[in-house]
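Chain and residue survey
One letter stands for each residue in the lines below.
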Amino acid sequence: MILRDKLAEIIPGLRKEAAEVFGMGPNEVINEVTTEQIFGGMRGIKSLICDTSEVGLDTGLIIRGIPILELTDKLPEEIFYLLLTGELPNDEALEDLQWELRRRGDVPFYVWNTINALPMETHPMVMLNSAVLVMENESFFRKRYDEGMPKDMLWEPMLWDSLNLIARIPIIAAYIYRRKFNKGPRINPDFRLDWAANYARLLGVEDPDGSFADLMRLYMVLHSDHEGGNVSAMATQTINSALSDVYFSVSGGLNGLAGPLHGLANQECLRFIIKLRDDIGHTPSDNEVRDYCLNLLNNKRVIAGYGHAVLRVTDPRFTAFVEFGNKHMDDDEIFGIVKQLFNIVPKLLMEGGKAKDPWPNVDAASGALLFHYGMTEYDYYTVLFSVSRVLGLAAQLILNRALNRPIIRPKSVTTGWLKKQLAAKKKAAEEKK
Ligand code: CMX
């Protein structure tokens, strides 16, 4: 069933289920919040609902009940349908979604003007986020909201805005690559190709055997979603909860993705590997890699690509990228260093005893694969991540509107208030003794 109709069919059931779950215990305590969590970025507090995907600390990403490693042969369009509806599309639904994305791929002229007006030194993420934001002018959601569309129907213009954004973002992102890195004029889309293969074509990367297009499909699938509590997803949901449209929300969320502890880590990771190779001066031995990393840790530096705020195992997305690398570039020097680091860094981090997760995250491998295909401009890597993550962000937004989720408004407290609370608790405990 085509996406719009499928959503219209399942949304009443989702609303009923949400009301039933709420009714089962509106005042039940699900979580207690510790002082450590308040000081620690609200880490681990269960206070959001996100049904598109979940991230188990010992499983990694699971999309709608399916582990990500079982989805690596799917197209990103199929994943978008899955994120939204909980099912993979049949052939008719996939074709319809691809047709929707083709017919919506016309980028407004002022987007090109906006990008062209920015200085060449501008970071590609600023170019991308500016382009997303200026398209707000096109929002159906905002127009329908201003006209007074009832709240329970607003998911539909949210869907149309999302499809427009998903259709256009690879075309815009590819232009940013070509402009920023002097790759020549804009390439026209080939609408016979699937979404990710078209993106690969628009980037203009040499791809005689089609494996770069395969990498783009895989890349877009692996980065598409990572539940609701990470910086970009939560920022996007928070902005949208004020009924800001997709353009405002996604642009804001992607600004979070541009931070070095989140999406920008993939550029940092490759930069680190190249620097390691250059500092050592040749293809390094295992001992040289170990000494280099130890020296970084002793100087209180982080090893990019290792550790995670949630995961406590090797990120399965890293595993998927390594499998791709083994198949397509086993003798590549930089990919070889990725594998050396995997054999060495977790042990060092465990011995150091600080990092809660000593294992590689997705960023530890992705840059090396892009580098192999000549995409050496690592400033651009977070743009690729963003193009993919828009699938998950948009799916979360559409579902939030379908379920009429309220404005997000947690309570902050002052340090003085917290101090008083803790002192009172301490006194009460002492009096009890
Ligand atoms: N190298 C060295 N030290 C590390 C480390 C690493 N890769 N990962 C964590 N640590 C250290 C932390 O810096 C922290 O030290 P301090 O107590 O001195 O501040 C300590 O271990 C505890 O940190 P943690 O609780 O294990 O990790 P956080 O949840 O605070 O942070 C993350 C998680 C990802 C930011 C962190 O592991 C890190 O900086 N890794 C390197 C950057 C990176 O790869 N980021 C990609 C994240 C993936 C994504 O979100 O997209």
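Read on for a plain summary of the structure. (Residues numbered from 1 in each chain as written. Predicted model: local features only at pLDDT ≥ 70, side-chain atom pairs only at ≥ 80, totals over all residues. Heavy atoms only, no water.)

1. Description of the overall build of the chain
Of regular secondary structure, the chain possesses 19 helices and 3 strands. In terms of overall dimensions, the chain is globule-like: its C-alpha atoms have a radius of gyration of 23 Å, near the 22 Å expected for 433 residues. With the principal axes as the frame, the chain shows a C-alpha extent of 65 × 65 × 40 Å. For the chain, contacts bridging at least 24 residues in sequence account for 76% of all contacts bridging at least 6. (Helix = DSSP H or I, 4+ residues; strand = E, 2+ residues; numbered from the N terminus. Rg over C-alpha atoms; globule rule 2.2 N^0.38 Å. Contact = heavy atoms within 4.5 Å.)

2. Observations regarding helix α15 (residues 316–328)
The end-to-end C-alpha separation of α15 is 19 Å, in line with the 18 Å expected for 13 residues at 1.5 Å each. Every buried residue of α15 is listed here: Pro-316, Arg-317, Phe-318, Ala-320, Phe-321, Val-322, Phe-324 and Gly-325. (Expected span 1.5 Å × (residues − 1). Buried < 20%, exposed > 50% of the residue type's maximum accessible area, 1.4 Å probe, protein only.)

3. Structural notes on the environment of Gly-307
Its location among the elements puts Gly-307 in the loop between α14 (286–298) and α15. What makes Gly-307 buried here is its relative accessible area of 16%. Sequence-distant contacts of Gly-307, that is, excluding residues within four places in its chain, are made with Asp-357, Trp-359 and Asn-361.

4. Description of the sheet that holds strand β3 (residues 66–67)
Strand order in the open sheet made by the 3 strands is β1-β2-β3, with antiparallel pairing throughout. A single partner strand is all that each edge strand has here, and the edge strands are β1 (53–56) and β3. Pairing geometry for β1 and strand β2 (residues 60–63), over 4 bridges, is antiparallel. From the neighbouring strand, Ser-53 faces β2, where its bridge partner is Ile-63. (Pairing = 2+ DSSP bridges.)

5. Things to note about the pattern of salt bridges
Across all of its chains, the model carries 23 salt bridges by this definition. A salt bridge links Asp-330 to Lys-339; its shortest N-O distance comes to 3.0 Å. For Asp-330, a relative accessible area of 49% puts it in the partly exposed group. Overlapping salt bridges bring together Arg-4, Asp-5 and Glu-156 as one network. (Salt bridge = Lys/Arg side-chain N within 4 Å of Asp/Glu carboxyl O.)

6. With respect to the site of the ligand
Near the ligand lie 20 residues; those nearest to it are Arg-43, Ile-303, Gly-305, Tyr-306 and Lys-356. In this structure, an oxygen atom belonging to the ligand sits 3.3 Å away from a side-chain N or O atom of His-262. At a separation of 2.9 Å, a nitrogen atom of the ligand approaches a polar backbone atom of Ile-303. Among the residues making up the shell around the ligand, the classes are represented as 10 nonpolar, 5 polar and 5 charged. (Near = heavy atom within 4 Å. Polar contact = N/O pair within 3.5 Å; in protein donor to acceptor, adjacent residues only side chain to side chain. Nonpolar A, V, L, I, M, F, W, Y, C, P; charged D, E, K, R; others polar.)

7. Details of the side chain of Asn-164
Relative to the assigned elements, Asn-164 resides in helix α8 (residues 155–180). Overall, Asn-164 belongs to the buried group, its relative accessible area being 7%. If we ignore the near neighbours within four places in the chain, the residues touching Asn-164 are Arg-104, Phe-140 and Tyr-247.

8. Some details on the nonpolar core
Formed by 124 residues in total, the largest nonpolar core has its most connected members in Phe-80, Tyr-199, Leu-203, Tyr-380 and Leu-384. Looking at which element gives the most residues to this core, the answer is α8, with 15 residues. Setting aside residues no more than four positions away along its own chain, Tyr-380 makes contact with Pro-124, Ala-173, Ala-174, Ile-176, Tyr-177, Phe-181, Tyr-199, Leu-203 and Met-375. (Core = buried A, V, L, I, M, F, W, Y, C linked by side-chain atoms within 4.5 Å.)

9. Here we look at a nonpolar patch on the surface
Together, Val-33, Ile-38 and Phe-39 make up an exposed nonpolar region whose accessible area comes to about 320 Å². By secondary structure assignment, the location of Val-33 is in the loop between α1 (3–23) and α2 (35–39). Classification of Val-33 as partly exposed rests on a relative accessible area of 46%. (Patch = residues over 30% accessible without salt bridge, like charges linked within 9 Å, V, L, I, M, F, W, Y side chains within 5 Å. Areas by Shrake-Rupley, 256 points an atom, 1.4 Å probe, with all protein chains shown as cover.)

10. Re helix α4 (residues 91–103)
Between its terminal C-alpha atoms α4 stretches 18 Å, which fits the 18 Å expected from 13 residues at 1.5 Å a residue. Those residues of α4 that fall on the buried side of the exposure criterion are Ala-93, Leu-94, Asp-96, Leu-97, Gln-98, Glu-100 and Leu-101. Buried residues along α4 sit against α1, α3 (76–85), α8 and α9 (195–203).

11. Some thoughts on the packing of helix α16 (residues 333–352) against helix α17 (residues 363–372)
At a closest axis distance of 8 Å, the pairing of α16 and α17 adopts a crossing angle of 170 degrees. Classed by the angle they form, the pair α16 and α17 counts as roughly antiparallel. Only Ala-364, Ala-365, Ala-368, Leu-369 and Phe-371 of α17 make contact with α16, whose side of the interface consists of Ile-334, Phe-335 and Val-338. When the residues that make up the contact of α16 with α17 are grouped by side-chain class, the tally is 8 nonpolar, no polar and no charged. (Axes fitted to C-alpha atoms, helices over the stretch in contact; angles between N-to-C directions. Parallel < 35°, antiparallel > 145°, perpendicular 65-115°, else oblique.)

12. What to know about the packing of helix α6 (residues 124–134) against α8
For the pair α6 and α8, interaxial distance at closest approach is 10 Å and the crossing angle is 145 degrees. Two packed elements cross with a definite hand, and for α6 against α8 that hand is right-handed. Along its contact with α6, which presents Pro-124, Met-127, Leu-128, Ala-131 and Val-132, the element α8 presents Leu-165, Ile-169, Ile-172, Ala-173, Ile-176 and Lys-180. For the contact of α6 with α8, the per-class residue count stands at 10 nonpolar, no polar and 1 charged. (Left-handed = near helix turned anticlockwise from the far one by under 90°.)

13. Considerations on the packing of aromatic side chains
Inspection of every chain in the model, using the stated rule, returns 8 aromatic pairs. Aromatic side chains Trp-112 and Tyr-175 sit 5.0 Å apart centroid to centroid with 75 degrees between the ring planes, which places their arrangement in the edge-to-face category. Of this pair, Trp-112 sits in helix α5 (residues 109–117) while Tyr-175 sits in helix α8, and the two are 63 residues apart along the sequence. Trp-112 gets classed as buried once you look at its relative accessible area, which sits at 10%. Accessibility expressed as a relative area gives 13% for Tyr-175, which makes it buried. An angle of 55 degrees between the planes, with centres 4.9 Å apart, marks the rings of Tyr-177 and Tyr-380 as tilted. Of this pair, Tyr-177 sits in helix α8 while Tyr-380 is found in the loop between α17 and α18 (381–402), placing the two residues 203 residues apart along the sequence. (Phe/Tyr/Trp six-rings, centres within 6.5 Å; stacked < 30°, edge-to-face > 60°.)

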